Amino acid sequence: MKKLYKHLIVAAVLVAGFAAALGSYLLLRPDDGGDAGADARTVAEALPVRPSSHRLSEPERSELTIVEFLDFECEACGAYYPVVERLREEYGDRVTFVARYFPMPGHRNAEPAARAAEAAARQGRFEAMYTKLFTSQKEWGESREWKEPVFRGYAKELGLDMKKFDADFADPETAGRVQADQRDGLGLGVQGTPTFLVDGTRIQPPASYEEFKALIEDRLGD
């Protein structure tokens, strides 16, 4: 538990440290053109969850929705992963857990990892790749080298159709799908990862599993 707490403290530092870089990256991308009107539309049209968003649980009667904007290379996201998994195991029959992409510009392989997850999703294996990327994060994260061959290896391990995976990984629409999540995140005030939204409202990342569980219990009790 002390190790987890240490990682979650690091999470807060990482969120603050990347905020400025992220804002510049998303606001000044060539496809935006620096248009203030486009920025305003991004905010106005942003949604916490879309029909295409990846749901890790789909209860018949959802009482709460928790959305995580995440970066597969982010160490803080990696620290939260077992917390989210434990909560999902406990509350998956009552709470909808949603994962959305938000690769940070300081992480060389965050965007390719997101594309690998999205390419797997096109074969119905998003959750399998999501799990693989987080459980293997120490093997490829924080590297200065491109890790596409590693992600391709994971796809093989998962038994994916590799011809389709390669095509989907390189498909501009896959990158566009990742960017669409980023735009929603930006419009919702996301500045770093992980960022959690509970029923559409951003929350301060809980400092422990117990704190997150108490928050959920409180919301379910309303």
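Read on for an overview of the structure. (Residues numbered from 1 in each chain as written. Predicted model: local features only at pLDDT ≥ 70, side-chain atom pairs only at ≥ 80, totals over all residues. Heavy atoms only, no water.)

### Comments concerning the overall build of the protein chain
Across its full length, the protein chain carries 10 helices and 5 strands. Here the protein chain holds 222 residues, and the buried ones make up 49% of them. Here the contacts in the protein chain between residues at least 6 apart in sequence split such that 82% fall between residues at least 24 apart. Carbon and sulfur atoms form 51% of the exposed surface of the protein chain, whose accessible area is close to 10900 Å². (Helix = DSSP H or I, 4+ residues; strand = E, 2+ residues; numbered from the N terminus. Buried < 20%, exposed > 50% of the residue type's maximum accessible area, 1.4 Å probe, protein only. Contact = heavy atoms within 4.5 Å. Areas by Shrake-Rupley, 256 points an atom, 1.4 Å probe, with all protein chains shown as cover.)

### A look at the pairing of strand S3 (residues 95-101)
Where burial is concerned, most of S3 is hidden: 7 out of the 7 residues are buried. Of the two faces of S3, the one carrying Val95, Phe97, Ala99 and Tyr101 and the one carrying Thr96, Val98 and Arg100 are both buried. Sheet analysis places strand S1 (residues 54-55) next to S3, joined by 2 bridges and oriented antiparallel. Bridge assignment links histidine 54 to a residue of S3, and that residue is alanine 99. Judged from the 7 bridges that link them, strand S2 (residues 64-70) and S3 form a sheet pairing that is parallel. In the sheet register, threonine 65 faces S3, and the bridge partner there is threonine 96. With helix H3 (residues 75-91) bridging S2 and the parallel S3, this β-α-β connection has right-handed handedness. (Pairing = 2+ DSSP bridges. Right-handed = clockwise from strand over helix to strand, strands pointing away.)

### Topic: the environment of arginine 152
In this fold, arginine 152 is placed in helix H7 (residues 148-157). Sequence separation of arginine 152 and alanine 113 is 39 residues, and the distance between their C-alpha atoms is 9.9 Å.

### Re unusual backbone geometry
Note that the residue after threonine 193, namely proline 194, is joined by a cis bond; omega there is -5 degrees. Residue placement: proline 194 occurs in the loop between helix H9 (172-187) and strand S4 (195-198). Phi at glutamate 142 is positive, roughly 60 degrees, even though this residue is not glycine. Turning to its location among the elements, glutamate 142 is positioned in the loop between helix H6 (137-140) and H7. The phi angle at aspartate 199 is positive, at roughly 50 degrees, despite the residue not being glycine.

### A closer look at the nonpolar core
Counting 48 residues, the largest nonpolar core has Ile66, Phe72, Met129, Tyr130, Leu133, Phe165 and Ile216 as its most contacted members. It is H3 that contributes the most residues to this core, 8 residues altogether. Once residues lying within four places of it in the same chain are set aside, the contact partners of methionine 129 are Ala116, Ala117, Ala120, Phe151, Tyr154, Ala155, Leu158 and Phe165. Formed by 9 residues, the second largest nonpolar core is a distinct cluster that contains Val98, Met104, Val190 and Leu197. (Core = buried A, V, L, I, M, F, W, Y, C linked by side-chain atoms within 4.5 Å.)

### A word on helix H5 (residues 126-135)
The set of residues buried in H5 consists of Phe126, Met129, Tyr130, Leu133 and Phe134. When H5 is viewed along its axis, its buried side chains cluster within an angular range of 130 degrees and face the same direction. (Arc of directions from axis to C-beta.)

### Structural notes on the side chain of glutamate 118
Position of glutamate 118 relative to the elements: it lies in helix H4 (residues 110-121). For glutamate 118, a relative accessible area of 8% puts it in the buried group. Excluding its chain neighbours within four sequence positions, the residues that come into contact with glutamate 118 are His54, Tyr101, Thr174 and Arg177.

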